[in-house]
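Here is what each chain is made of, one letter per residue.
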Amino acid sequence: MAQAIERVTTGGRYSYVRHDSDEDETAALHRRLVEEYSGLDEAALLHALTQDVFPGRSAVIASFGTESAVLLDLVAEVDRRIPVIFIDTGKHFAETLAYRDELVARLGLKDVRNATPSTALIKRQDRDGTLWQSDPDACCNLRKVLPLRQAITPFGLIVTGRKRAHGDARLNIEPIEQFGDRIRLNPLALWDEARIDAEFTVRDLPRHPLQTAGYRSIGCAPCTDPSAADGPKRAGRWARLEKTECGIHFDENGAVRHSPGPGSQAAA
């Protein structure tokens, strides 16, 4: 189902070439994108940035969790060939892997890529597979952050399903963000849980099989628990720990730059 990571170098309407150390250029691009596109709805925004600004240089990060289907359906409506990156940590629920395959077939996604951790690093740092117990941050870095960092290398635009309604570090995210030397698009940033739920019905999308068991936000099996329906959306992630994020949504400095505007802050 998944394909090997391929490098894509085509450009878009802006003459923008990404350099690993040139974040100032990205900041200027970010400002132009916010000025030109911030008034668009989520579907139009997704189409404009993936097809006009970053054609061939856009990728979607999808966890295939309880809300992923809505974003992926929007993506499929724009272009089923946009690469979709799934971080296959080796610790997912079997139900998540089955749901991934179901959605890929259902939506006709043409380029789904598994980003997997380095076998050599696993042997050195987590040979017995229990690093999540002693150091969950190190486990996330090994199995999620590093594989994704490699997987997004060819892309200038990263699309995610992050939303303010998830709370905690996501309360102030914006639809268009600067993410290091890339642009990140969160087309559903302002959607609440009720709207997501309604879209599942309108679009006739299948639900994650664990959702009926009380799993409202789903990551790796060892670090995900069911959570109360009236509690925070991500309460079941790293329950009983202060940890709320795996780290893939933060740059090396732990920051994300948002568009200027009411309520926005310098970091998520």
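In the block above lies the structure referred to throughout.
Residues numbered from 1 in each chain as written. Predicted model: local features only at pLDDT ≥ 70, side-chain atom pairs only at ≥ 80, totals over all residues. Heavy atoms only, no water.

**Observations regarding the packing of aromatic side chains**
The test is simple: Here a Phe, Tyr or Trp ring, Trp counted by its six-membered ring, pairs with any other such ring whose centre lies within 6.5 Å, and the pair is stacked when the planes are under 30 degrees apart, edge-to-face when over 60, and tilted otherwise. Numbering of helices and strands runs from the N terminus; a helix is a DSSP stretch of H or I covering at least four residues, while a strand is a stretch of E covering at least two. Relative accessibility under 20% of the residue-type maximum defines a buried residue, over 50% an exposed one, and the middle range a partly exposed one, all with a 1.4 Å probe and only protein chains included.
Inspection of every chain in the model, using the stated rule, returns two aromatic pairs. Geometrically, the ring pair formed by F64 and F86 is edge-to-face, given 5.6 Å between the ring centres and 80° between the ring planes. A residue pair is termed long-range when its members are at least 10 positions apart, and F64 in the loop between β1 (58–61) and α3 (68–78) and F86 in strand β2 (residues 84–87) qualify at 22 residues. Of the residues examined, F64 reaches a relative accessible area of 0% and is grouped as buried. On the basis of relative accessibility, which here comes to 0%, the residue F86 falls in the buried class.

**What about the environment of V78?**
Going by this rule: Working rule for contacts: check all heavy atoms of both residues, and any pair within 4.5 Å makes them a contact.
Its location among the elements puts V78 in helix α3. A sequence separation of 30 residues divides V78 from A48, and the C-alpha atoms of the two residues are 9.5 Å apart. Every residue in contact with V78, bar those within four places of it in the chain, is listed here: A43, L46, H47, T50 and Q51.

**Overview of helix α2 (residues 42–53)**
For clarity, the threshold we go by: One fewer than the residue count of a helix, multiplied by 1.5 Å, yields its expected span. Polar contacts, as used here, are pairs of N or O atoms within 3.5 Å; protein pairs need one atom able to donate a hydrogen and one able to accept it. Residues neighboring in sequence count only if both atoms are side-chain atoms.
The terminal C-alpha atoms of α2, which comprises twelve residues, lie 15 Å apart, in line with the 16 Å expected from a rise of 1.5 Å per residue. Considered for burial, the residues of α2 that qualify are E42, L45, L46, A48, L49, T50 and V53. Capping the start of α2 is the job of one residue whose side-chain oxygen sits 3.3 Å from the backbone nitrogen of A43: D41.

Remember that the coordinates give geometry; whether it matters functionally is a separate question.
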